[in-house]
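What follows is the residue order along each chain.
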Amino acid sequence: YVLSKELTDGDRAVTLFNAGDQAQRIETSATAAGLPERGGYAVRDLWRHTGYESAGALAATVPAHGSVVLRVSADPEEAADATWAHGPPPMSAWS
């Protein structure tokens, strides 16, 4: 299942939960998560410390009894460089 919460800056925290006993692909859309219709979104995977752009699909293969937490922004400036959407990449990305 999917939970979504508006953050103070207008971004959305979107959590994809898998309550099953096997890994499962879980998906939703940015608009279903409560964001306005846009041409693109900046998405930050808060567990993997990775960022990417999306046309609107929010999906991940979630491990059994696990979750994936995404921070999604409809801000066009942030969507232009999703890898820096909410701070620099982790230090491991610099090597």
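Each chain has its residues counted from 1, following the order in which its sequence is written. Local features are withheld for residues below a pLDDT of 70 in this predicted model, meaning they are given only at 70 or higher, and side-chain atom pairs are given and counted only at 80 or more; totals for whole chains, interfaces and linings count all residues. With hydrogens and water set aside, each side-chain value is computed from the structure's full complement of heavy atoms.

Engineer: Requested: an account of the nonpolar core, with residues and values cited.
Structural biologist: Nonpolar side chains tend toward joint burial in soluble globular proteins. In plain words, nonpolar cores are sets of buried Ala, Val, Leu, Ile, Met, Phe, Trp, Tyr and Cys residues tied together by side-chain atoms within 4.5 Å. Using a 1.4 Å probe on the protein chains alone, a residue whose accessible area is under 20% of its type maximum counts as buried, one over 50% counts as exposed, and one in between counts as partly exposed. Ranked by internal contacts, the top residues of the largest apolar core, which has 15 residues, are Val 14, Leu 16, Leu 58, Leu 70 and Val 72. Only DSSP runs of H or I reaching four residues or more are called helices, and only runs of E reaching two or more are called strands; each is numbered from the N terminus. Elements with a contribution of two residues or more to this core: β2 (12–17), β4 (41–45), β6 (57–62) and β7 (67–73).

Engineer: Requested: an account of the pairing of β4, with residues and values cited.
Structural biologist: With five of five residues buried, β4 is to be regarded as a mostly interior element. Alternating residues of β4 divide into Tyr 41, Val 43 and Asp 45 and Ala 42 and Arg 44, and every residue in both groups is buried. Strands are labelled as partners when DSSP assigns at least two bridges between them. Pairing geometry for β4 and strand β5 (residues 50–54), over five bridges, is antiparallel. Each bridged residue has a counterpart across the sheet, and for Val 43 the counterpart in β5 is Tyr 52. Two elements, β4 and β7, share four bridges in a ladder whose sense is antiparallel.

Engineer: Describe in detail the confidence of the model for the chain, supporting the description with residues and values.
Structural biologist: Interpretation of this model should avoid reading the predicted coordinates in detail wherever pLDDT is low. A residue's pLDDT is simply how confident the predictor is in it, with values from 0 to 100. Residue-level pLDDT values for the chain average 85, and 79% of them are 70 or greater. With pLDDT under 50 throughout, residues 82–86 is counted as low confidence; its partners more than four residues away or in other chains account for 18 contacts. In this description, contact between two residues means that some pair of their heavy atoms is separated by no more than 4.5 Å.

Engineer: Requested: an account of the sheet that holds β7, with residues and values cited.
Structural biologist: An order of β1-β2-β7-β4-β5 is seen for the five strands of this open sheet, with the pairing classed as antiparallel. One side of each edge strand has no neighbouring strand; the edge strands of this open sheet are β1 (2–6) and β5. When the angles between neighbouring strand axes are averaged without regard to direction, this sheet yields 25°. Examined bridge by bridge, β1 and β2 share five bridges and lie antiparallel to one another. Of the residues in β2, the one forming a bridge with Glu 6 is Arg 12. Axis lines are fitted to C-alpha atoms, over the contacting stretch for helices. Their N-to-C directions set the angle, which ranges from 0 to 180 degrees.

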